[in-house]
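Each chain is listed here by its residues.
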Amino acid sequence: MRFRIPLSAPDITQAEIEAVTAVLRTPHLSLGPQLNAFESALADYHGVPHAVAVSSGTAGLHIALLTLGIGPGHEVIVPSFTFIAVANAVIQAGATPVFADIDPVTLNLDPASVADGVTHRTRAIIVVHTFGIPAQMDRLRDLADQHNLVLLEDACEAIGATFQQQPVGTFGDLSVFGFYPNKQMTTGEGGAVLARSTAHAARLRSLRNQGRAGTKWLDHAEHGYNYRLSEIACALGTVQLSRLPEMLALREAAVERYLDLLADIPSIELPPSRLPLRTISWFVFVVRMPDGPARDRTQAQLASQGIATGRYFAPIHLQPAWRNHPQGRPSLPVTEAIAPRMLALPLFNRISEQQLSEVSQALAEISISW
Ligand SMILES: Cc1ncc(COP(=O)(O)O)c(C=O)c1O
């Protein structure tokens, strides 16, 4: 279905179009200067030594896990209230995801639930900064250190967010970003892994490029993958990254407007606009409906008016793909209570005042019938 007001939209200006077309006039369409420039810009932005661009956030999670030595026989603690790629990457690495519950305010991993999930097989925690809200990194880092676990940050939804004034993506042993077109910045498809150690960066570059460790194209030191990101995508990414502060400010202004416009609807809960110790990078604007049926009716009614919304997220452990999995049905009371009520409203950089008012007005009218 085509919506009058989409859920998300990329923000592409003449600068991106010129950068991409300039690449097309060169003979370098892969593994060239744009890759180096994009990786340097990402590393500089975060103040870390290495960034390795990859073909998607999922690919980044996969090779980050392999680089951290995660594989068969290992358990990795992950949230269930997130995008399914997180669990899929653990399976791809040959390890077992173990789902933990979330904090009801930040919607991120609850450190107490993570601690409950630790066994003698646990090797890693994947911390997701859900919806662009930073997770409780101090407590999660302590927990990881206490149990000798590696900490992998999934910052796919959170570029530009900070915890205690430190950018997300700089806390983990490795961290992963995603640049799908619904994200705060995009490369079309794409992602990146940030690394502090030269050895990690070299391993990531080898795994991304069919296990090529040296310069010879047909020498393969290990089993690897084709997770390369094209020069075209990298050129797009460099311009998007240079515009990130401006783009995050536009999203924040739209969120502030939503918070005003929706403040008088008594039956919905709005996301927190500020949280202690954190700056939020707004990926999506998700409101909580009174219950699941009201959420589903609202979504259908908004769709009939041409307004797109999203059910962010359907818990991974309740997905059909997980029905027969040994870890498929843990008890995650917060996740299970919250997920059916969540509805993401349209949010993108160029959302207009008219569109924000229209969505808010439609929601106010529908809420009368709950
Ligand atoms: C939390 C999270 N992890 C991983 C991914 C996977 O990224 P990609 O779609 O680029 O593979 C996404 C989003 O798309 C995500 O939201």
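Scroll up to find the structure this text is about.
Predicted, not measured: the structure shown is a model, and the values here were computed from it.

Engineer: What's the story with the environment of arginine 278 in this structure? I'm lost.
Structural biologist: The residue arginine 278 is located in strand E10 (residues 278–279) in this model. On the basis of relative accessibility, which here comes to 13%, the residue arginine 278 falls in the buried class. Within polar-contact distance, the side chain of arginine 278 engages the backbone oxygen of proline 134 at 2.7 Å.

Engineer: Sorry, what's going on with the site of the ligand here?
Structural biologist: Taken together, 14 residues lie near the ligand, and Gly57, Thr58, Asp154, Glu157 and Lys183 sit nearest. In the model, an oxygen atom of the ligand is placed 2.6 Å from a nitrogen or oxygen of the glutamate 157 side chain. Relative to its unbound accessible surface of 380 Å², the ligand loses 92% to contact with the protein. Elements with a minimum of two residues in the shell around the ligand: helix H3 (57–67) and helix H4 (85–92). Here the shell around the ligand takes 3 residues from H3, the largest share from any one element. Of the residues belonging to the shell around the ligand, the class tally is 6 nonpolar, 5 polar and 3 charged.

Engineer: For this particular structure, what's the right way to read the nonpolar core?
Structural biologist: The nonpolar side chains of a soluble globular protein tend to be buried with one another. If you look at the biggest cluster of nonpolar residues, it comprises 36 residues, and the most contacted ones within it are Leu65, Ile70, Val76, Ile126, Leu152 and Leu174. Counting residues per element, this core draws most heavily on H3, which supplies 6 residues. Two domains each put at least three residues into this core: domain 1 (14–242) and domain 2 (244–367). In this structure isoleucine 70 touches Leu65, Val76, Ala93, Ala95, Arg123, Ala124 and Val150, once residues within four positions along its chain are discounted. The next biggest cluster of nonpolar side chains, apart from the first, holds 27 residues, and it includes Tyr258, Phe285, Met289 and Leu363.

Engineer: Looking at this structure, I do not really get the pattern of salt bridges. What am I missing?
Structural biologist: Side chains bearing opposite charge may pair, as long as their charged atoms lie close to each other. Per the counting criterion, the structure on display carries 19 salt bridges. Residues aspartate 260 and arginine 257 are paired through a salt bridge, measuring 3.8 Å at the closest nitrogen-oxygen approach. Taken together, the positions of aspartate 260 and arginine 257, both in helix H9 (residues 244–261) and 3 residues apart, correspond to about one turn of that helix. A relative accessible area of 53% places aspartate 260 in the exposed class.

Engineer: Before we go on, may I ask you to explain the sheet that holds E10 in this structure?
Structural biologist: Adjacent strands of a sheet pair through backbone hydrogen bonds, lying either parallel or antiparallel. Reading across the sheet, the 3 strands line up as E7-E6-E10 and stay open at both edges, with antiparallel pairing between neighbours. In the strand order of this sheet, the two ends are held by strand E7 (166–167) and E10, each with one partner. In terms of strand pairing, strand E6 (residues 162–163) meets E10 through 2 bridges, oriented antiparallel. Note on E10: the bridge partner recorded for threonine 162 is threonine 279.

Engineer: Mind showing me how you'd approach the side chain of threonine 187 here?
Structural biologist: Looking at the secondary structure, you find threonine 187 in the loop between strand E8 (174–178) and strand E9 (191–195). Exposure remark for threonine 187: the relative accessible area of 4% places this residue in the buried category. At a separation of 2.8 Å, a polar atom in the side chain of threonine 187 contacts the main-chain carbonyl oxygen of glutamate 189. Excluding its chain neighbours within four sequence positions, the residues that come into contact with threonine 187 are Phe38, Phe179, Leu229, Ala233, Leu236 and Gly237.

Engineer: Explain the sheet that holds strand E2 (residues 75–79) to me, please; I cannot follow it from the model alone.
Structural biologist: One open sheet holds the 7 strands; their spatial order is E1-E9-E8-E5-E4-E2-E3, and the pairing between them is mixed. Edge positions in the sheet fall to strand E1 (50–54) and strand E3 (96–100), since each has one partner strand and no second. With strand direction ignored, the average angle separating the axes of adjacent strands in the sheet is 25°. Of the pairings in the sheet, the one linking E2 to E3 comprises 5 bridges and is parallel in character. When the sheet's bridge partners are listed, glutamate 75 is paired in E3 with threonine 96. Relative to E1, helix H7 (residues 198–208) is tilted by about 10°, and along the sheet it contacts E1, E8 and E9.

Engineer: Looking at this model, I keep getting lost on a nonpolar patch on the surface. Mind explaining?
Structural biologist: A cluster of nonpolar side chains, Leu31, Trp217 and Leu218, forms an exposed patch at the surface whose accessible area comes to about 340 Å². By secondary structure assignment, the location of tryptophan 217 is in the loop between H7 and helix H8 (231–242). Classification of tryptophan 217 by relative accessible area gives partly exposed; the value is 45%.

Engineer: How do you make sense of the packing of helix H1 (residues 14–24) against H8 when you look at a structure like this?
Structural biologist: Packed helix pairs are characterised by how far apart their axes lie and by the angle those axes make with each other. H8 packs onto H1 with a crossing angle of 150° between their chain directions and a minimal axis gap of 9 Å. Taken together, H1 and H8 sit at an angle that is classed as roughly antiparallel. Both H1 and H8 take part in a crossing whose hand is right-handed. Residue-level contacts link Ala15, Glu16, Ala19, Val20, Val23 and Leu24 of H1 to Glu231, Ile232, Ala235, Leu236, Val239 and Gln240 of H8. When its residues are assigned to classes, the contact of H1 with H8 shows 9 nonpolar, 1 polar and 2 charged.

Rules of the game
- Residues numbered from 1 in each chain as written.
- Predicted model: local features only at pLDDT ≥ 70, side-chain atom pairs only at ≥ 80, totals over all residues.
- Heavy atoms only, no water.
- Helix = DSSP H or I, 4+ residues; strand = E, 2+ residues; numbered from the N terminus.
- Buried < 20%, exposed > 50% of the residue type's maximum accessible area, 1.4 Å probe, protein only.
- Polar contact = N/O pair within 3.5 Å; in protein donor to acceptor, adjacent residues only side chain to side chain.
- Near = heavy atom within 4 Å.
- Areas by Shrake-Rupley, 256 points an atom, 1.4 Å probe, with all protein chains shown as cover.
- Nonpolar A, V, L, I, M, F, W, Y, C, P; charged D, E, K, R; others polar.
- Core = buried A, V, L, I, M, F, W, Y, C linked by side-chain atoms within 4.5 Å.
- Domains from an automatic or database assignment.
- Contact = heavy atoms within 4.5 Å.
- Salt bridge = Lys/Arg side-chain N within 4 Å of Asp/Glu carboxyl O.
- Pairing = 2+ DSSP bridges.
- Axes fitted to C-alpha atoms, helices over the stretch in contact; angles between N-to-C directions.
- Patch = residues over 30% accessible without salt bridge, like charges linked within 9 Å, V, L, I, M, F, W, Y side chains within 5 Å.
- Parallel < 35°, antiparallel > 145°, perpendicular 65-115°, else oblique.
- Left-handed = near helix turned anticlockwise from the far one by under 90°.

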